[in-house]
Amino acid sequence: MDVEASTSNRKTEKCNANNQCLIAESGGRCMSTQAMQSLYDFRQNNLLCDAVLRLEDGGVFPIHRAILSACSTYFRALFTTTLHCREKTDVLLPGVTSPMMNLLLEYAYLRSIDVNRENVCELLIMADYLSILGVLELCCDYLRDNLAPENCIEVMGFARQRFCKKLENDAYRFIVGHFVEVSQRNEEILHLPIEELKPLVGADELNVKSEQTVWELVLRWINHDPDSRKDYIVDLMKNIRLGLLDTQFFLENVKDHPYVVGNDACRPIIIETLKFLYDLEMITQKDGEVPTPEIARPRVPHEILFAIGGWSGGSPTNYIETYDTRADRWIPIKETDPTGPRAYHGLAVIGFDIYVIGGFDGVDYFNSCRCFNAVTKEWREVAPMNARRCYVSVAVLNNLVYAMGGYDGYHRQKTAERYNYKTNQWSLIAPMNVQRSDASATTLNDKIYITGGFDGHDCLNTAEVYDPNTNQWTMITAMRSRRSGVSCISYHGCVYVIGGFNGVSRMCSGEKYKPSTNSWSHIPDMYNPRSNFAIEVIDDMIFALGGFNSVTTTYQVECYDEKTNEWYEATDMNICRSALSACVIMGLPNVYDYIHKHRERLMEEKRQKLLAHEVRRAQHQQQEQGQVRQNLQISPMIPIPPPFPRTNENDSNNNRQR
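Residues numbered from 1 in each chain as written. Predicted model: local features only at pLDDT ≥ 70, side-chain atom pairs only at ≥ 80, totals over all residues. Heavy atoms only, no water.

As recorded by an unreviewed UniProt entry, the protein carries the name Kelch-like protein diablo and is attributed to Ooceraea biroi.

And the structure:
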């Protein structure tokens, strides 16, 4: 089995209060390594041994029965059963090799074993056979830790054969979570029987941004043995969400594919999909509720975008909502911070914990930090920072949280500090070269980049980089534009800097920094100017959320895709807000708590939204025409040209822009 090499799974040695060395066993118990080393030496020299294990390859191993019985139910039953007429002291073990026995005995005596890719499968089989559960667990951990797109199918099959249910489930979750890479790089997937492939491609949890990936895998599987597999195209097409395919792709690559055209049983599926794709344009003309058909029901996302806090309606808020990328819906979350709202704060994610750092509640500038666990949904207080930081810049590097700059109510800061969640402690690091509040930071190539901001007098175009190995900040080439209230994020090997306030107006422009050339280059403008907005990468696209556009706070969301080098409009958030912060969590075990609950009603929701939009548009046109007639004092019999479309502004709020 192709399993990546890793360091041996040796347990960490510790010392007790009497300075006697201990080694931790997998179950959390401890034993004296000095005593066990002595027993191990006795065994090697056949001292005080009370039994012998004989192997088919000629190996002979003197052992202590009590030691083996302590770690193996197999040996415990063998040496303690009353069914034998006399004690078993000379045992033949069929199917076990001497190298494996040496490793197992080392574990039995010393709780130490070297698990690697060459021995892990045989070792797991032997540990299962001899019921040495500690070794079995270590082997499963090794395989789990070294899952890769190339080996995950084989690991899942191997785990199923050995009845390692947890490892099998973990391998399956890896497959659906990394399905794009697995479908392209794994050869074992081509050998799956139809009974296993069909539920896999139909799984709600399949992590695919486009159903084109699933279609291409199905073709790859059939092409591996077309004569015996091409008739399975019908069963597999029923499990693909054909209604979510791009219409042009469906017409050119699916509808007229030889496997489809040559199978009459595919015709009803094609007709259903065509009907859905073309009826979508006439959805508002339908009577009664429109259900979402199975062919268009979105799958479950593996990444959840959280948007927390901000400034809304003239005051700060603790509102939380999550974005379901597959359903393209925002979902309000009721578990808000009970201590109250905050804006101009930072967010950091470690595991399933979201750290809310610093900020402002309209009165106080915070050095406090709160933590929300997305699994337990509980809030807790963690250690406060050394300084109050509103308009703070936050980044995470190697599971350490960095907080930089900000405003304490009196001064713009250039100090920076980092938080270690293991010790629950903040410690100061080297200060930046420049005072910065309302800047933005991100991590790239094991370094932290911070861009723009406000120094108390000017909006800044400078940027600098922090190297944690040297604890040093270094200025890099300045940006092309001054940007305060800016957002930056690492994306495809570059630092992308977007929007902000240049001292005159809010901006929709953006630029990206390439570290290898120490240079900035232009990227396409956003549709909407904005400052003090949130930014995140999800589904391999940059999302810009909310912000202030010089007139009002906004709930508008747009996303940038480097592949097309274009911005696209996305579904608006539920409330208007600026000074919010966002983060992404992957692999939540309770992901269903944060996604759209009624996926079967998505089409009806869209229909109702379109109908409401048409009603508002008709009312707006009537008002415009009435106003024009009144102003021009003309006869209503004279035709009036239709007005230019206008967008309704959100409720304005005098958001604090620092």
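Now, about helix α5 (residues 120–129): what can you tell me, with residues and values included?
Three or more residues of α5 are buried, namely V120, C121, L123, L124, M126 and A127. Trailing α5 by a residue or two, S131 shows a phi angle of about 55 degrees, which is positive. (Buried < 20%, exposed > 50% of the residue type's maximum accessible area, 1.4 Å probe, protein only. Helix = DSSP H or I, 4+ residues; strand = E, 2+ residues; numbered from the N terminus.)

How would you summarise the nonpolar core if you had to cite specific residues and measurements?
Counting 92 residues, the largest nonpolar core has Y109, I233 and M237 as its most contacted members. Core analysis: the next-biggest nonpolar cluster, separate from the first, contains 19 residues, V300, F306, I308 and I354 among them. (Core = buried A, V, L, I, M, F, W, Y, C linked by side-chain atoms within 4.5 Å.)

Got a sec to walk through the pairing of strand β7 (residues 303–312)? Specific residues and values, please.
Of all ten residues in β7, nine are buried, a share of seventy percent or more. Where β7 and strand β30 (residues 581–586) come together, six bridges link them in antiparallel fashion. In the strand pairing of β30, F306 is matched with C583. Pairing of β7 with strand β8 (residues 315–324) involves seven bridges; the strand directions are antiparallel. By the bridge assignment, L305 is partnered in β8 with Y323. Adjacent in sequence and paired antiparallel, β7 and β8 are bridged by two residues, among which G313 carries a positive phi angle near 60 degrees. (Pairing = 2+ DSSP bridges.)

Please set out the sheet that holds strand β6 (residues 90–93) residue by residue, giving values where relevant.
With mixed pairing, the three strands of this open sheet are ordered in space as β5-β4-β6. In this open sheet, the two edge strands, each paired with only one partner strand, are β5 (60–63) and β6. Taken pair by pair, the neighbouring strands of this sheet meet at an average axis angle of 25 degrees, ignoring direction. Here strand β4 (residues 51–55) pairs with β5 via four bridges, running antiparallel. When the sheet's bridge partners are listed, A51 is paired in β5 with I63. In this fold helix α3 (residues 73–80) packs onto β4, β5 and β6, with an angle of close to 140 degrees to the strand it touches most, β6. (Axes fitted to C-alpha atoms, helices over the stretch in contact; angles between N-to-C directions. Contact = heavy atoms within 4.5 Å.)

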